[in-house]
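Remarks on the overall topology
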Amino acid sequence: MLPAFRVQESDGNFFENFTALAWRQQNKRLRATSEDDKDGCKPLPSDTQYTSRTKLHQLSKKEFELLYIEVLYTIKHKIGTTIGGHLPVIQDLYQYAQEAFHILPEDHAHLLAKATKEKPPIVVLNVTVISAKGLEAKDPDGYSDPYCMLGIMPGQTWLSPEGESGCGSMGSSDDESPKQKEYKKKGLGKLSMKKKDRTVRDLLPAKYIQTTAVINKNLNPVWNEKFRFDLDDCKTDRLHLDIWDHDEEFSVFDAAKKLNQVQGFKGLGRFFKQIAQSARTSKSSGGSIDDFLGSVNVPLNDIPSTGVEKWFSLEGRSSRSNITGQINLRLSLSTREDRGIPEDDNWTDMRQHVDLMCIFIEHEIHKFNDRAYKWNGELPKAALTILHQHAIQGDLTEVQQAMCQWLAYSRKQQEHPLSYQLLLSFLQKFDMLWHPGAISRDEEEHLAGSLNLFIEYSLSLIRKQREVFPINSKLALSRLENMLRCLAQIYEMKIFRKICPFQKELQPEINSVVKKSALEWYERILNVYKTKMRVDQDEEVLQGLIELTNALNTDMHHAVMFYTKLYEELVKVPYFKNCYLQLEKLFGDELSVSLKETLSKLDKEGEGVQEEQSVIMTMGTTLFELYLAIQEFCKFKEYLPASMRKNLGICQYYSWFKFAVHKWLYIAKHKAFQRIHKAVELDKVVDVDKGVKYSTSAVDVCCCFSQITEFWKQLDWPDLVGAYPMVKKVTEDICNGAVLYADIIHEKLKQAGYYDDEGQFDVKEQLCVTINNIEQVRRSLLSLPESLQFNQVHLALDSNNASSPIKTSLSEITKEANKEMVSKIKQVVDHVANKMRPDIKKDVFHLNWAPEAVPADDAVGDLLEYLDSNFLTLNSNLLKTNFDRILESIWIEVIEEFTDVLDSEEPKQPIFYQRMYDALGLLVEFFNANDKGLTMQAILSPQFKELKARLNLHKLDTKSLIERFYEEKLEEQKNCTSTEFGILNIRTWYKSDTSTLLVEVLSAKDIIPLDANGLSDPYVVIQFYPEHCFTNVPTQQTKVVKKTLHPLFEESFEFNVSQKQCYQRGAALVFTVMDHDYVFQNDFAGEVYLSLQEVPGVDGQEVTGFEALNIMSLPLMQPKAKKFGALDVLSSRVGDKDAQEFVKKRSKVEEQVL
């Protein structure tokens, strides 16, 4: 087999080069993806690389030193019990602070000394009385009116005047602080509240003891009241709380208020006891006083630094007291510093907290030794402990701490690209904790600046999105996603709307940035491609535009597959729409200048130029590669809303290439015809599936046609109406090429002597290959309507009011070509059958003249053997379609030979025709081969049906033939609708009990005139046929009605006929209308045949009489000669007396017909 490439090389792989364009485009995409994958292994670009540096506040040397002293001061005065997550060892905290601040040991010692000299902070206990449950009912109505009275019990034993210790007395510490001494000197501690805590600032201050509100009629009261107490020594002081039932006449509540005004008590223990004694005195004297419900003593040295919320069981004054119930308290420690700073100002503490956190973050990032965005943001225990102590000593609320976390991490984000997921968690935490009034005005302004700075930073990254967040990195896309989530979270926060009321909406902001990003990116890549190409070199201009377009397509692909989903889901921004509309306008402007100018110049240069120098030959693939690239860009419009697709200027791109397509089609036709001739010249037979053979030329031609249609499919011409001339041109060229190929190889078969009459005929390989080749190429035309979109073009023409001839011409072109090629195949196939006809004729002759005793299967054996030997060769070498064509042609030859025997041979006995009939049945089975050969539809042709019917008649005996004659007449009567010979009206019914057939001849209408006066003298003869079945049944007739064409008879007749006779084959009641003539022979006017099987009552059903029957109006018929009918066969039986007698009688009837 000659290599296929030799045919392709004959025209320089013309078609292959063009059909490979789409593959080339796809390959470029794959290469680009491969490059992206390689780039995906590289570390992500830093955010700060593509953003302008925002000038952040930097601590001066003095501020840095003061902050370090603040940290040391915080560590030194650490308060509360250390729990999990924090470090208990102060020395470890000093060491971590020194490392984080990068302080030398000598400087650390110096600064620690300074911190030690600072005045210690005042420790404050924060108490929230939340609720109580299960209190004792003290009032007659089964309820109590509870309230709480609480204060601090110093850590020393206070004795009552009676020498008894107070209810909350504890041993005092030997190491008393100056505050404790002052406390002792005055006798009472002074309770106060820090003004800056907005949650408790509106509560009434109490100097020594504080009380809650009274909750009337409740055993499970809820207070949620907050109190603050200064402590002398949190290690030894205790919180004491009493619960009382309020009485309207005299109240411990009122007593506590009065006692609060008294000076000189020796401590709160005595103070509480004094109140209790007053209550007992009033009670014993018969007065009404508040009832005691229980008390709680809480040591403060066990309170963790994070605070505690707990249910405490109420206790009595003694072990004999029966007290029930519990109280829920929330306790925490904080400090207030007496260092000249206003007590209600903790803005300084917040700023210090943020600066401190920033230093710790910076320290941990440097220790991480990897990209900052991979760090999970967690600080070590030492850092968390220091920050926690600083927060509680600075009295920072939970909201303020969350805000500080955001401020610190978002500030460091400007220097190190941290995880956006981490920042998002801080935003969500702050948003969850914030409530109106939670932060001060100064704090709100600082937060607004931080949020706006982050928004500006994020928008600047979106502007450089293609570089910062490349699609080849899942991590980069994840960072983009979380950054967008951060932006969405900021704009959803109520605090953001409050502190930034004039901020633009997020969607318009991002829309604007996305468009700017697309513009700047396009200008960069356009500048890159323009620097590579020379404007005066058309090829370079086209190559540059191809690269530019491919870059745009890649960007749009990224937008569709990756970016759009993120933007639409997270920030409701139509990313693809913004980018595509921006780039489409910019790209369209560039094409309208560069491309249109280049194409116009190429079009003019191509006029009058020879084919080989045509622009299609010199830079055709470049032109269409650009076309396909622009086409791909335009197809992205499908992702736009439908209303935006119509007004895109670039979508008219195809019109610029129309001249190039026309030139390509013109050249392609000549190239295709040249390739057809070359393919036949280099032809070689090849074995295909199951031994079927055709040659390389068919493969090459089909491939050529496929490449032409594939190229047109790649063009995907958008204007279907405008595409019609080109589709028609492609269709005509391919169809003409197919017919040309059929002519060439058929001529080649002629030259090989196939049509010569000399010599013996044998089925040869070249014969099979030729018709297989033509069929293979013909089949390639069948896909044209779908490949070239005939239906779509027709619909477009219809909508454009195109005329009908144009609409149908495309299909007509392929039909005409198909017809010519089938005709060419049939010409070859019929010649095969003609060549085989002599042998078929000989075998049919032997079949006909075989002795009477030879059965059909033996008599037809020679014919079947001859056919089988040739069919094996044909079947193994032909395509199924061609094999069926040859079978059909040979089958026709066999039918014609059988028919010729009937027409030309002398009549024989029925037994001979029976054998021919049986042989024909065997041939049907042979040609059909259990539905694997010729289809039954093809076998049962009109010729076959006629032959079978004739043989069926010939094989019958004479009586059966006569019966068949009457069956034919009954069928003729049934199908007769013409009334040109008149109508006969009758009624008949059968009485089965007497085996009597009753007939009523009523009238006739429109009898043909048979007399000279234009009238007739009609009467009706009633007879039963076939005569051999009704030998004893007489013939009867009506009276003659003179001179009329519409006789009225109204006569009844009876006939003795059995049911068995009525069911004989062909059993008929015949009504013959005659014209009576006195001088000459009576004339025949017409006849009617009525099947006895259809007479009412013959089937056994009872009929009551003529009145119950409908009148039958039957058209009169006149005899017609029927070719190949039963009468024709009977007339051929010259030696058969019965047959000749029957023919003679019928001949007399027919002779009377005018």
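Residues numbered from 1 in each chain as written. Predicted model: local features only at pLDDT ≥ 70, side-chain atom pairs only at ≥ 80, totals over all residues. Heavy atoms only, no water.

If you look the protein chain up in an unreviewed UniProt entry, it shows as BAI1-associated protein 3 from Potamilus streckersoni. According to the UniProt record, the Sequence similarities (unreviewed entry) comment for the protein chain reads "Belongs to the unc-13 family." (UniProt positions renumbered as here; feature names shortened; annotations may be inferred.)

**Considerations on the packing of aromatic side chains**
Taken as a whole, this structure holds 38 aromatic pairs when the rule is applied. When the centroid spacing of 6.4 Å and the interplanar angle of 20° are considered together, the rings of Trp 712 and Trp 717 count as stacked. Ring plane angle 20° and centroid distance 5.6 Å describe the contact between Phe 871 and Phe 926, whose orientation is recorded as stacked. Note that Phe 871 is positioned in helix 30 (residues 861-877) and Phe 926 in helix 32 (residues 910-928), a separation of 55 residues in sequence. Taken together, the ring pairs connect Phe 576, Tyr 580, Phe 587, Phe 633, Phe 636 and Tyr 639 into an aromatic cluster. In this structure, Lys 133 is placed above the aromatic ring of Trp 311, and the distance from its NZ or CZ to the ring centre is 4.2 Å. (Phe/Tyr/Trp six-rings, centres within 6.5 Å; stacked < 30°, edge-to-face > 60°. Helix = DSSP H or I, 4+ residues; strand = E, 2+ residues; numbered from the N terminus. Lys NZ or Arg CZ within 6 Å of the ring centre and 35° of its normal.)

**Let's talk about a nonpolar patch on the surface**
Taken together, the side chains of Tyr 1078, Val 1079 and Phe 1080 make up a nonpolar region of the molecular surface, amounting to roughly 440 Å² of accessible area. Mapped onto the elements, Phe 1080 comes out in the loop between strand 16 (1068-1075) and strand 17 (1083-1091). A residue is classified by how much of its surface remains accessible, and Phe 1080, at 62% relative accessible area, is exposed. (Patch = residues over 30% accessible without salt bridge, like charges linked within 9 Å, V, L, I, M, F, W, Y side chains within 5 Å. Areas by Shrake-Rupley, 256 points an atom, 1.4 Å probe, with all protein chains shown as cover. Salt bridge = Lys/Arg side-chain N within 4 Å of Asp/Glu carboxyl O. Buried < 20%, exposed > 50% of the residue type's maximum accessible area, 1.4 Å probe, protein only.)

**A short note on the packing of helix 4 (residues 61-76) against helix 11 (residues 381-393)**
Following both chains from N to C, one finds helix 4 and helix 11 inclined at 85°, their axes separated by 9 Å at the closest point. In terms of their interaxial angle, helix 4 and helix 11 are classed as roughly perpendicular. Here Glu 70, Val 71, Tyr 73, Thr 74 and Ile 75 of helix 4 lie close against helix 11, whose contacting residues are Ile 386, Gln 389, His 390 and Gln 393. Its residues assigned to classes, the contact of helix 4 with helix 11 shows four nonpolar, four polar and one charged. (Axes fitted to C-alpha atoms, helices over the stretch in contact; angles between N-to-C directions. Parallel < 35°, antiparallel > 145°, perpendicular 65-115°, else oblique. Contact = heavy atoms within 4.5 Å. Nonpolar A, V, L, I, M, F, W, Y, C, P; charged D, E, K, R; others polar.)

**Notes on the sheet that holds strand 8 (residues 326-336)**
Taken in spatial order, the four strands of this open sheet run 4-1-8-7, and their pairing is antiparallel. Strands with a single pairing partner mark the edges of an open sheet, and in this sheet they are strand 4 (222-231) and strand 7 (308-313). On average, each strand axis in the sheet is tilted by 25° relative to the strand beside it, whichever way the strands run. (Pairing = 2+ DSSP bridges.)

**Considering helix 13 (residues 420-433)**
The end-to-end C-alpha separation of helix 13 is 20 Å, in line with the 20 Å expected for 14 residues at 1.5 Å each. Of the positions making up helix 13, those classed as buried are Tyr 420, Leu 422, Leu 423, Leu 424, Phe 426, Leu 427 and Phe 430. Elements that come into contact with the buried residues of helix 13 comprise helix 12 (398-413), helix 14 (441-463), helix 16 (474-492) and helix 17 (494-499). In this structure Ser 419 caps helix 13, since a side-chain oxygen of it lies 3.3 Å from the backbone nitrogen of Gln 421. (Expected span 1.5 Å × (residues − 1). Polar contact = N/O pair within 3.5 Å; in protein donor to acceptor, adjacent residues only side chain to side chain.)

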